[in-house]
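# Descriptive structure summary
These are the residues of each chain, in order.
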Amino acid sequence: MREVRLRFSKTDRLKYISHLDINRAMSRAIKRAEIPLWYTEGFNPHPYMSFSLPLSLGVESMCESVDLRIVGDISNDEIKKRMNSVLPDGLRILQVYDDFRDSSEICYSDYTYKFEFSDNELALSKIKSVLDSDEITALKKAKQGKKRIMKETNIKPFIDKYNISIRNDFIVLNIRLFAGPQKNLNPTLLFDTIIRLIDMDFEWRSISRISLLDKEYKEFI
């Protein structure tokens, strides 16, 4: 038995399915590809699958990963080939490898946002003002007894750095957010907060996770 990591992309229409659905899609693909998985022992044996950092709904990514335990002599190249032959459009295995680090080492995530407004110049100025402010107040769902309330939270400390510009009629925001098990900012919450604070309707948007990084800003693989 050995452990391998499958690095994969999630794009196009599949960005709209949940993490649970991605889990199911991977499980079905593994069965169809006849990858020889290692199963737990006991009354209800199940295969070992572990995702590094679940992705928010509606966000594309080029750096997702899932760890598997496999048996037999199948090569990493063969695993990649078989999986890509059965995965749906929007999911693609980019790399399969054996030597990898624990997901607890993830500290940051790089994202690219693309916005379009009726007045991109005005929106750019307002977004810069929000991101440069000392405090960025987000509204998060919370519970107070049995009631659901909206709780104000300052998300500024979860932003490491950013740059923003207008390119080809779009506002492009490249931003590094804290990520991982200890400190994490949902990229969709950041988007919703920006739109609420600038008080402008957007025409179009996309969010893509580009890379995961450790505390030394080295790429997590």
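See the structure above.
Rules and cut-offs
- Residues numbered from 1 in each chain as written.
- Predicted model: local features only at pLDDT ≥ 70, side-chain atom pairs only at ≥ 80, totals over all residues.
- Heavy atoms only, no water.
- Helix = DSSP H or I, 4+ residues; strand = E, 2+ residues; numbered from the N terminus.
- Polar contact = N/O pair within 3.5 Å; in protein donor to acceptor, adjacent residues only side chain to side chain.
- Contact = heavy atoms within 4.5 Å.
- Salt bridge = Lys/Arg side-chain N within 4 Å of Asp/Glu carboxyl O.
- Buried < 20%, exposed > 50% of the residue type's maximum accessible area, 1.4 Å probe, protein only.
- Expected span 1.5 Å × (residues − 1).
- Arc of directions from axis to C-beta.
- Pairing = 2+ DSSP bridges.
- Disulfide = S-S within 2.5 Å.
- Axes fitted to C-alpha atoms, helices over the stretch in contact; angles between N-to-C directions.
- Left-handed = near helix turned anticlockwise from the far one by under 90°.
- Nonpolar A, V, L, I, M, F, W, Y, C, P; charged D, E, K, R; others polar.
- Phe/Tyr/Trp six-rings, centres within 6.5 Å; stacked < 30°, edge-to-face > 60°.

### Here's the deal with the side chain of Asn76
- Residue position: Asn76 is located in helix α2 (residues 76–86).
- Within the local environment of Asn76, its side chain forms a polar contact with the side chain of Arg2, the two groups lying 3.1 Å apart.
- Among the polar contacts made by the side chain of Asn76, one reaches the side chain of Asp98 at a distance of 2.8 Å.
- Residues in contact with Asn76, not counting those within four places in the same chain, are Arg2, Val4, Val96, Tyr97 and Asp98.

### Some points on the pattern of salt bridges
- Scanning the entire structure with this criterion turns up 10 salt bridges.
- Between Arg2 and Asp98 there is a salt bridge whose closest N-O contact spans 2.4 Å. In this pair, Arg2 sits in strand β1 (residues 2–10) while Asp98 sits in the loop between β4 (91–97) and β5 (108–117), placing the two residues 96 residues apart along the sequence.
- On the basis of relative accessibility, which here comes to 39%, the residue Asp98 falls in the partly exposed class.
- For the salt bridge of Glu219 with Arg7, the shortest nitrogen-to-oxygen distance reads 2.9 Å. Of this pair, Glu219 sits in the segment after β10 (202–213) while Arg7 sits in strand β1, and the two are 212 residues apart along the sequence.
- Overall, the relative accessible area of 9% leaves Arg7 in the buried class.
- Through salt bridges with shared partners, a single network forms among Arg101, Glu105 and Asp214.

### Some details on helix α1 (residues 19–32)
- The end-to-end C-alpha distance of α1 is 20 Å, a good match for the 20 Å that 14 residues give at a rise of 1.5 Å each.
- Taken together, the buried positions of α1 are Ile22, Ala25, Met26, Ala29 and Ile30. Angularly, the buried residues of α1 cover 135° about the axis, an arc narrow enough to put them on a single face.
- Looking one or two residues past α1, Glu34 carries a phi angle of roughly 55°, positive in sign.

### Notes on the side chain of Ser9
- Within the secondary structure layout, Ser9 lies in strand β1.
- Once you skip the residues sitting within four places of it in the chain, Ser9 turns out to touch Ser61, Met62, Gly90, Leu91, Arg92 and Leu94.

### Some thoughts on the pairing of strand β9 (residues 170–178)
- Of all the 9 residues making up β9, 7 are buried; the element is thus mostly covered by neighbouring parts of the structure.
- In the sheet, strand β8 (residues 159–167) pairs with β9 via 8 bridges, with the strands oriented antiparallel. Within the sheet, the bridge partner assigned to Asn163 lies in β9 and is Asn174.

### Some remarks on the state of the cysteines
- If you walk through the whole model with that rule in mind, you get 0 disulfides.
- The thiol of Cys63 is unpaired, and the distance to the nearest cysteine sulfur, on Cys107, comes to 14 Å.
- Residue Cys63 is classed as buried on the basis of its relative accessible area, which comes to 3%.

### With respect to the packing of helix α3 (residues 120–132) against helix α4 (residues 187–198)
- For the pair α3 and α4, the least separation of the axes is 10 Å and the interaxial angle reads 115°. With respect to the hand of their crossing, α3 and α4 are arranged in right-handed fashion. Across the interface between the two elements, Lys126, Ile127, Val130 and Leu131 of α3 pack against Ile194, Leu197 and Ile198 of α4.
- Broken down by class, the residue content of the contact of α3 with α4 amounts to 6 nonpolar, no polar and 1 charged.

### Side note on the packing of aromatic side chains
- Applying the stated rule across the entire model yields 9 aromatic pairs.
- With a centroid separation of 6.0 Å and 20° between ring planes, the pair formed by Phe115 and Phe117 is classed as stacked. Both residues of the pair, Phe115 and Phe117, count as buried.
- On the basis of an interplanar angle of 55° and a centroid distance of 5.1 Å, the ring pair of Phe170 and Trp204 is categorised as tilted. In this pair, Phe170 is assigned in strand β9 and Trp204 in strand β10, connecting sequence segments 34 residues apart.
- A network of ring pairs unites the aromatic residues Tyr113, Phe115, Phe117, Phe191 and Phe202 as a single cluster.

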